[in-house]
Amino acid sequence: VTKVTPQTLLQSKRAFTPLTALTAYDYPTARLADEAGIDMILVGDSVGTAVLGYDNTLSVTMDDMLHHARAVRRGTQRALLVVDMPYGSYQVSVEDALRNGLRFLKESGSEAVKLEGGIAYTPHVKALTQAEIPVVGHIGLTPQSIHRMGGYRVQGLSESAAMQLRDDALALEDAGVIALVLEGIPRELAAQITDSLSVPTIGIGAGPDCDGQILVFHDLFSLSFTRKPKFVRSFGDGRLLMEQGIRDFRDAVVARTFPDDRESYHMPKAEVSGERS
Ligand code: KIV
Ligand code: NA
């Protein structure tokens, strides 16, 4: 298997080969995604909502991200491993972005970082790129902007908002991003941005015309306990599977049918005189 690199992403775009990306937060799910041939595994700060039970992603810390990124690293061989810079780890200064970006590469083995934001963050993208840290951009519905947006709302609906996002995309490409996540924007706008860039766009709630698609692992398997956004498609009912499995386990214990004798250890057979084992 050949390792996916930033160069691979660019080649896929040029060849019109759709890119596949999925979040993972731990070793088993990283292995499953990697072995299924997913091109990019993102340790998303969605770990906060999908796994840690927070209402939004704002309280996710560098330590949270490093902890999960290390587990995902151990389960990933082929996919490009990208980690989200959490809220607060890059907004204050370019220096913070650099220091924290370096930590991800040095302490978790991540191969790229992702950060949310447009033109205002091009200095951060440039500095990280200059420090040999590949950067994935992320614009549109950026969950770390929940309070500014007044909730999770589709972005780029007015012509001026759409123009701003087109400008953001070009500025980020100019600053050096290796790919750009487009989240929660009209498909027509995503198509325009995709056409205007030479780096690949990866959509989530941005329609089918992006160069690739990404979903949150728990959304893929109906394992999210929050309201399902329009763009989520469940590709398997993990929730039902687990609910049933847990109930069956409980019932079996209560009925004393688990464990049975074959699932039990036994004392060594008593030595019968004259017989050897
Ligand atoms: O944190 C996340 O899961 C993300 C993607 C869905 C793009 O940022
Ligand atoms: Na994220």
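Residues numbered from 1 in each chain as written. Chains lettered and ligands numbered in written order. Predicted model: local features only at pLDDT ≥ 70, side-chain atom pairs only at ≥ 80, totals over all residues.

Let us now look at the overall build of the protein. Of regular secondary structure, the protein possesses eleven helices and eight strands. With the C-alpha coordinates of the protein rotated into their principal frame, the extents come out at 90 × 40 × 35 Å. In the protein, which comprises 277 residues, the share counted as buried stands at 41%. Pairs at least 24 residues apart make up 59% of the contacts formed inside the protein by residues separated by at least 6 positions. (Helix = DSSP H or I, 4+ residues; strand = E, 2+ residues; numbered from the N terminus. Buried ≥ 20, exposed ≤ 12 C-beta atoms within 10 Å, placed from the backbone. Contact = placed C-beta atoms within 7 Å.)

A few words on the pairing of strand β4 (residues 112-116). Look at any regular strand and the pattern is simple: side chains alternate between the two faces of the sheet. Burial analysis of β4 places five of its five residues in the buried class, the great majority of the element. Burial along β4 is two-sided: the residues Ala 112, Lys 114 and Glu 116 and Val 113 and Leu 115 are all buried. The pairing of strand β3 (residues 80-84) with β4 spans three bridges and is classified as parallel. Opposite Val 82, over in β4, you have Ala 112 as the bridge partner. Taking the sense of rotation as the criterion, the β-α-β connection linking β3, helix α5 (residues 94-108) and β4 turns out right-handed. The pairing of β4 with strand β5 (residues 135-140) spans four bridges and is classified as parallel. Each residue of the ladder has a partner; that of Glu 116, found in β5, is His 138. Handedness of the β4-helix α6 (residues 122-130)-β5 crossover: right-handed. (Pairing = 2+ DSSP bridges. Right-handed = clockwise from strand over helix to strand, strands pointing away.)

A few words on the confidence of the model for the protein. Per-residue pLDDT for the protein averages 97, and the proportion of residues at 70 or more is 97%. The ipTM value of the predicted complex is 0.99, and its pTM value is 0.95. (pLDDT = per-residue confidence, 0-100.)

Here we take up unusual backbone geometry. Residue Pro 259 is reached from Phe 258 by a cis peptide bond, and omega for that bond is -5°. Within the secondary structure, Pro 259 sits in the segment after α11 (238-254). Positive phi values are uncommon outside glycine, yet Glu 132 reaches one of about 70°. Relative to the helices and strands, Glu 132 resides in the loop between α6 and β5.

Mapped onto this structure's residue numbering, the UniProt feature "binding site: Mg(2+)" (unreviewed entry) falls at Asp 45, Asp 84 and Glu 116. These annotated residues cover 72 residues of sequence, and their C-alpha atoms lie no more than 10.8 Å from one another, placing them together at a single site. Note that Asp 45 resides in the loop between β2 (40-43) and α3 (47-50). Taking the C-beta count within 10 Å as the criterion, Asp 45 has 29 such neighbours and is therefore assigned buried. The residues contacting Asp 45, other than those within four sequence positions of it, are Thr 57, Val 60, Met 65, Asp 84 and Pro 86. Mapped onto the elements, Glu 116 comes out in strand β4. Judged by the 23 C-beta atoms lying within 10 Å of it, Glu 116 is buried. (UniProt positions renumbered as here; feature names shortened; annotations may be inferred.)

Below, the discussion takes up the UniProt feature "active site" (unreviewed entry) in the protein. In this structure's numbering, the residues bearing the UniProt feature "active site" (unreviewed entry) are Glu 183. Considering the arrangement of structural elements, one finds Glu 183 in strand β6 (residues 179-183). Under the C-beta neighbour-count criterion, Glu 183 is labelled buried, with 22 such atoms within 10 Å.

A few words now on the packing of α5 against α6. Closest axis-to-axis distance for the α5/α6 pair is 9 Å, and the angle between their directions is 40°. Here α5 is positioned oblique relative to α6, judged by the angle of their axes. Between α5 and α6 lies a crossing of right-handed hand. On the side of α5, the interface is formed by Val 94, Ala 97, Leu 98 and Gly 101, while α6 contributes Pro 123, His 124, Ala 127 and Leu 128. (Axes fitted to C-alpha atoms, helices over the stretch in contact; angles between N-to-C directions. Parallel < 35°, antiparallel > 145°, perpendicular 65-115°, else oblique. Left-handed = near helix turned anticlockwise from the far one by under 90°.)

Neighbouring residues of ligand 1: Thr 23, Leu 42, Gly 44, Asp 45, Ser 46, Asp 84, His 138, Val 181, Glu 183, Ile 204, Ile 214 and Val 216. For the shell around ligand 1, the class distribution of residues is five nonpolar, four polar and three charged. (Near = placed C-beta within 6 Å. Nonpolar A, V, L, I, M, F, W, Y, C, P; charged D, E, K, R; others polar.)

Around the barrel, eight strands lie side by side as β1-β2-β3-β4-β5-β6-β7-β8; this closed barrel has parallel pairing. Strand after strand, the sheet turns through a mean of 25° between neighbouring axes, direction not considered. Across the sheet, helix α8 (residues 159-175) is in contact with β5 and β6; its angle to β5 comes to roughly 175°.

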